[in-house]
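Here's the letter readout for the chains.
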Amino acid sequence: QVQLVESGGGLVQAGADLRLSCVVSGRAITNYAMGWFRQAPGKEREFVAAIFWDDVEYADSVKGRFTIAQDNAKNTVFLFMRSLKDEDTAVYYCAARTGSIATTAREYGHWGQGTQVTVSS
């Protein structure tokens, strides 16, 4: 059974940086495309970034500010977030799917519990 555990969220000021981590257990992440999604109150879960080997993709809203990366030795996926804005406030979820990158939540079969990111101005 694959398990995903996110960490690294918190309360930060606008303009700050933050790093989220997603530790995967049960199977090597090299078997999966890994994605980050976020969900703000009253809104649908939205795609943020995804990675599968050398292939990466970002939502337009975070392109140039967020970077997704993975450490295969640690079975961990990271989301480096720079220049955070109020609109980045959300619960951030890590997800895994077999196969190539996907940008819709329904295409991912494994999810973490989420980590809250709150950006204050």
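Visitor: Before we go on, may I ask you to explain the pattern of salt bridges in this structure?
Guide: Pairing between side chains of opposite charge can happen when the charged atoms of each approach one another. Taken as a whole, this structure holds four salt bridges when the rule is applied. The closest approach of N and O atoms between Arg65 and Asp88, which form a salt bridge, is 2.8 Å. Taken together, the residues span a long stretch of sequence, with Arg65 in the loop between β6 (55-58) and β7 (66-71) and Asp88 in the loop between β8 (76-81) and β9 (90-98) at a distance of 23 residues. What emerges from the salt-bridge pattern is a single network uniting Arg38, Glu46, Arg65 and Asp88.

Visitor: How do you make sense of the state of the cysteines when you look at a structure like this?
Guide: By definition, a disulfide links the sulfur atoms of two cysteines through a covalent bond. A full pass over the atoms with the stated rule returns one disulfide. The partner cysteine of Cys22 in its disulfide is Cys94, sulfur to sulfur 2.1 Å. The chirality of the disulfide connecting Cys22 with Cys94 is left-handed, given an S-S dihedral of about -80 degrees. With a gap of 72 residues between them, Cys22 in strand β3 (residues 18-25) and Cys94 in strand β9 connect regions that are remote in the sequence. When sorted by exposure, Cys22 lands in the same class as Cys94, which is buried.

Visitor: Help me out: how do you make sense of the pairing of β6 in this one?
Guide: With four bridges joining them, strand β5 (residues 46-52) and β6 adopt antiparallel strand pairing. Opposite Ala50, over in β6, you have Glu57 as the bridge partner. Counting the residues in the hairpin turn of β5 and β6 gives two residues, including Trp53, whose phi is positive at 55 degrees.

Visitor: Which parts of the structure should I look at to understand the nonpolar core?
Guide: Counting 36 residues, the largest nonpolar core has Met34, Trp36, Leu79, Met81 and Tyr92 as its most contacted members. Mapped onto this core, the elements with two or more residues apiece are β3, β4 (32-39), β5, β7, β8, β9 and β11 (115-120).

Visitor: Whenever I open this one, the packing of aromatic side chains confuses me. Can you help?
Guide: Aromatic rings in a pair are described by how distant their centres are and how their planes are angled relative to each other. Per the counting criterion, the structure on display carries six aromatic pairs. Ring centres of Phe37 and Trp111 lie 5.2 Å apart, and the angle between their planes is 55 degrees; this geometry places the pair in the tilted category. Of this pair, Phe37 sits in strand β4 while Trp111 sits in strand β10 (residues 110-111), and the two are 74 residues apart along the sequence. For Phe37, a relative accessible area of 0% translates into the label buried. Seen from their ring centres, Phe78 and Phe80 are 5.9 Å apart, and the 35 degrees between their planes marks the pair as tilted.

Rules of the game
Residues numbered from 1 in each chain as written. Predicted model: local features only at pLDDT ≥ 70, side-chain atom pairs only at ≥ 80, totals over all residues. Heavy atoms only, no water. Salt bridge = Lys/Arg side-chain N within 4 Å of Asp/Glu carboxyl O. Helix = DSSP H or I, 4+ residues; strand = E, 2+ residues; numbered from the N terminus. Disulfide = S-S within 2.5 Å. Buried < 20%, exposed > 50% of the residue type's maximum accessible area, 1.4 Å probe, protein only. Pairing = 2+ DSSP bridges. Core = buried A, V, L, I, M, F, W, Y, C linked by side-chain atoms within 4.5 Å. Phe/Tyr/Trp six-rings, centres within 6.5 Å; stacked < 30°, edge-to-face > 60°.

Coordinates in, geometry out; function isn't part of it.
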